[in-house]
There are 2 protein chains.
Amino acid sequence: MNAEIITIGDEILIGQIIDTNSSWLGQELGKMGISVIHRTSVGDTKQDIIDALNAAKKRATIILITGGLGPTKDDITKNTLSEYFNSKMVLNEKVLEWVTQIFSKRNLPMIDSNNFQAMVPENCEVLFNKNGTAPGMWFDIDDKIFISMPGVPFEMKSIFADEAIPKLKGKFSFPVIIHRTIQTCSIGESFLARRIENWENELPAHIKLAYLPAVGQVRLRLSGHGTDKTKLNEEINALVKKLYELIGKNIFGEEEDTLQKVVGRILTEKKKTLATAESCSGGFIAHLITSVPGSSTYYKGSIVSYANEIKIKELGVTEEILKTAGAVSEECVKQMADSIRKKFDTDYAIATSGIAGPDGGTKEKPVGTVWIGVSSKNETTAQLYNMGDNRERTIERTALQALDNLRRMILGIAK
Amino acid sequence: MNAEIITIGDEILIGQIIDTNSSWLGQELGKMGISVIHRTSVGDTKQDIIDALNAAKKRATIILITGGLGPTKDDITKNTLSEYFNSKMVLNEKVLEWVTQIFSKRNLPMIDSNNFQAMVPENCEVLFNKNGTAPGMWFDIDDKIFISMPGVPFEMKSIFADEAIPKLKGKFSFPVIIHRTIQTCSIGESFLARRIENWENELPAHIKLAYLPAVGQVRLRLSGHGTDKTKLNEEINALVKKLYELIGKNIFGEEEDTLQKVVGRILTEKKKTLATAESCSGGFIAHLITSVPGSSTYYKGSIVSYANEIKIKELGVTEEILKTAGAVSEECVKQMADSIRKKFDTDYAIATSGIAGPDGGTKEKPVGTVWIGVSSKNETTAQLYNMGDNRERTIERTALQALDNLRRMILGIAK
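Treat the numbers as computed from the prediction; the structure is a model and nothing was measured. (Residues numbered from 1 in each chain as written. Chains lettered and ligands numbered in written order. Predicted model: local features only at pLDDT ≥ 70, side-chain atom pairs only at ≥ 80, totals over all residues. Heavy atoms only, no water.)

### What about the side chain of His287(A)?
In step 1: For His287(A), the position within the fold is in helix H12 (residues 284-290).
In step 2: Setting aside residues up to four positions removed in sequence, His287(A) forms contacts with Gly282(B), Gly283(B), Phe284(B) and Ile395(B). (Helix = DSSP H or I, 4+ residues; strand = E, 2+ residues; numbered from the N terminus. Contact = heavy atoms within 4.5 Å.)

### Structural notes on the relation of the copies chain B and chain A
In step 1: Turning chain B through 180° and shifting it by 0.7 Å along the axis lays it on chain A, with an RMSD of 0.8 Å. Expressed as an axis order, the relation between the two copies is that of a two-fold axis. (Least-squares fit on C-alpha atoms with pLDDT ≥ 70 in both.)

### Quick word on unusual backbone geometry
Residues and elements named next belong to chain A.
In step 1: Residue Pro358 is reached from Gly357 by a cis peptide bond, and omega for that bond is 5°.
In step 2: By the element assignment, Pro358 lies in the loop between strand E15 (348-354) and strand E16 (369-375).
In step 3: Although it is not a glycine, Ser186 sits at a positive phi angle of roughly 60°.
In step 4: In this structure, Ser186 sits in the loop between strand E9 (176-185) and helix H8 (189-195).
In step 5: Ser186 sits in the partly exposed class, given a relative accessible area of 30%. (Buried < 20%, exposed > 50% of the residue type's maximum accessible area, 1.4 Å probe, protein only.)

### Focus: the sheet that holds strand E3 (residues 62-66) of chain A
In step 1: The strand order across the open sheet built from 12 strands is E6(A)-E7(A)-E8(A)-E3(A)-E1(A)-E2(A)-E2(B)-E1(B)-E3(B)-E8(B)-E7(B)-E6(B), with neighbouring strands paired in mixed fashion. The open sheet terminates on both sides in strands that have one partner only, identified here as strand E6 (125-127) of chain A together with strand E6 (125-127) of chain B. The mean inter-strand angle of the sheet, taken between neighbouring strand axes irrespective of direction, is 20°.
In step 2: Direction of pairing for strand E7 (residues 136-141) of chain A relative to strand E8 (residues 144-149) of chain A: antiparallel, over a ladder of 5 bridges. For Phe139(A), the partnering residue across the bridge sits in E8(A) and is Phe146(A). (Pairing = 2+ DSSP bridges. Axes fitted to C-alpha atoms, helices over the stretch in contact; angles between N-to-C directions.)

### Section: the interface of chain B and chain A
In step 1: Taken together, the contacts link 51 residues of chain B with 50 residues of chain A.
In step 2: Buried area between chain B and chain A, summed over both chains or domains, comes out near 4,100 Å², and the portion from carbon and sulfur atoms is 55%.
In step 3: Among the residues of chain B in contact with chain A, Leu13(B), Arg39(B) and Tyr306(B) are the three that bury the most area, contributing 15% of the side total.
In step 4: One can count 4 salt bridges joining chain B with chain A.
In step 5: The residue Lys343(A) makes a salt bridge to Glu314(B) at a minimum N-O spacing of 3.9 Å.
In step 6: If you look at where chain B meets chain A, you find 28 residue pairs in polar contact (both at pLDDT 80 or more).
In step 7: Only helix H1 (10-13), helix H2 (21-32), strand E2 (35-42), strand E10 (207-214), helix H12 (284-290), strand E14 (299-305), helix H13 (308-315) and helix H16 (391-411) of chain B provide two or more residues apiece to the side of chain B that touches chain A.
In step 8: Within the side of chain B that touches chain A, the residues separate by chemical class into 23 nonpolar, 19 polar and 9 charged. (Buried area = accessible area lost by both parts, 1.4 Å probe. Salt bridge = Lys/Arg side-chain N within 4 Å of Asp/Glu carboxyl O. Polar contact = N/O pair within 3.5 Å; in protein donor to acceptor, adjacent residues only side chain to side chain. Nonpolar A, V, L, I, M, F, W, Y, C, P; charged D, E, K, R; others polar.)

### A closer look at the packing of H2(B) against helix H7 (residues 153-171) of chain B
To characterise two packed helices, one gives the angle between the axes of the helices and the distance between these axes.
Residue and element names in this part refer to chain B.
In step 1: Viewed as axis vectors pointing N to C, H2 and H7 meet at an angle of 25°, and their least axial separation amounts to 11 Å. Comparing their axes, H7 and H2 come out roughly parallel. In this structure, the crossing between H2 and H7 has a hand that is right-handed. Residue-level contacts link Asn21, Trp24, Leu25, Glu28, Leu29 and Met32 of H2 to Pro153, Met156, Lys157, Phe160, Ile165, Leu168 and Lys169 of H7.
In step 2: Of the residues that constitute the contact of H2 with H7, the class distribution is 9 nonpolar, 1 polar and 3 charged. (Parallel < 35°, antiparallel > 145°, perpendicular 65-115°, else oblique. Left-handed = near helix turned anticlockwise from the far one by under 90°.)

### Describing empty space enclosed by the protein
In step 1: Here the structure, examined in full by the defined rule, presents 1 cavity of 30 Å³ or more.
In step 2: A volume near 60 Å³ is recorded for the largest cavity.
In step 3: If you trace the largest cavity, you find it lined by Thr7(A), Asp19(A), Ser22(A), Arg39(A), Thr40(A), Ser41(A), Thr7(B), Asp19(B), Arg39(B), Thr40(B) and Ser41(B).
In step 4: Among the secondary structure elements, those contributing two or more residues to the lining of the largest cavity are strand E2 (35-42) of chain A together with E2 of chain B.
In step 5: In terms of residue class, the lining of the largest cavity is built from no nonpolar, 7 polar and 4 charged. (1 Å grid on protein atoms, 1.4 Å probe; cavity = no way out; pocket = protein on both sides within 12 Å on 5 of 7 lines; lining within 4 Å. Points joined across faces, edges and corners; volume = space filled by probe spheres on them.)

By themselves, these are just geometric observations and shouldn't be taken as functional.
Following this line, the structure appears as structure tokens:
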């Protein structure tokens, strides 16, 4: 089973927006066992849209179309589809009711262009758009499926996931495909690959492994294909179990977990609290932690001590430490972690100090040198890293490494 | 003059990577006056690449091809192009020398697959890749230009900017096009449009305006087309001058400026210092400020007072304020701003307190309610906002609004 994606909109061609819809759709289709074989972007121009539809029809069984469904004049996808399929535009009462409801909730008047949102080609089935006024449309023509959706990502995503996928599953029979994502950190891709080499070599042919690296993290995705869902699930569970035996210390979560979510979950479960003292990470750890809803139950706050005088005044770092070891040192981050834990009266604390660059590096402490300290009521430890010479990456890597070091301390996982 | 973009690679179709190259190229081509009329993505499959080339040749004068130039077997773009143009692969000595140099610098052995990087179709001109081993290629066939470049964004960008653009300018004559970007904030797109409506209506036909909205900001881009560069520049300067008269208070910078860069520049120039006290923004302001290299010269740090007890203990907020006005109040952020300025001994301070959600909202203070305070040695002021019901956006909008409020206070710009 294969698919083609057509994205419509001048704003895509001129590069005003980056097309993230196509890659999201590619991933979602892949999970169902549908291969995307071709992608096309055209402007809001009738003939170009028709040419793209004709070309796609020759190649693919499922044609996904996004964009060009807005209420303004430049959006012509709907009328073009109607013409392409020799259909005619009719008013859809359900859509009209929904659009009217949206506008009345926002206390806005319905104007003609909004009524137009409820007009659809007669030969389509409407796919409900719970997040907006432009309905999705499903055309089943000679066993080719054309699905038209708005270009706004969150509208498109819910229409595709909630409306289109169930209809596709009703129309076609798909193989059983099961995905499991294992989230790892504090280990690079090549080292990880070496650690699980034998395990990977012994994977059966119907279960594939993908390495999906991101800054400071590598996701491992297992994709199993088969016919018996229960059996496939058992196989994958057994493989994941072995993976935990091999690299359990580096696995911080599964599926959509992030380190900040996992740390928050652990602290909530254990009813423990956290504070941070950040120098080189400049508040980014605090930002990651507080980006998680509900973080106020376990996170008390941070002192971002960008200036050394703040380290002295607020975090008990002594002139002596700064003079002998320096601000980027084991002594300094340990002192910072210990002080903030006591000062903010929390169970745990994180501290960072380093040289994010581009300036400030020396021969002994080059740009990228970072000390990370973690502290509990029992112990305060610190570790040295080199995070590379890109300021942005250094900040991000430092924050994620710090969260993982805390996770390991709380769970009693040795390095 | 028009162009078409072909991106090649299975990883694009399955959605493993997001294609950012095409939008970057779309923007760069647009700046030169070249319209992108079509974009295609195909996998690493010979026939699909050939079909895409044939289709593109019919539509466009310039065909830009990215991807599929790596040293591994799945990358077939180069051989396919050679075959497509009835050429043959030959060794390019200059490329070989460059590739050899790269490998010797990294102390890596040259293996066959690296030698292959120096093989190119005989009928192409090599475009030097200063950032990698895969050369760019320029084919001039029957007055159609085919440019093949690697898919790695920073390699592609330098080849296009440094090698392809000069060659395109030599081959074709382009109109003079001048772009100016004006960065505005603290005003929504529709309000901005109303404020500059007359100015916009009076723009001459050869100068176009684009609204480029982002979270908390709207960029205005003027694109002038003409033949006389000096005259066009003067025209645009005059228009920009009028724009400053109309909405000067909302203009914080031009071109690639960000609020954090601009605030940093102002503080540096005036030799002033800054501290922050963040509640709902949770360290994100500190992160934005410290993401700018050199920020340690004017930024001393932050207290992220996520828990109320920290507001009391560290920022002089009284039980009385919390009981009567609450943590999300004018009194509270003013106290926070004032305290952190004195505590960290800075010239200026920012404070935030609000309800980022999804929980914690009340009828009087719904999710999105945010107070922002700014403080100098002369005065401390605070303003109330509603940032909407999305946690991530609320944090981002709060941070940018706070930076703009500080900018206005320092520069003495009234609301």
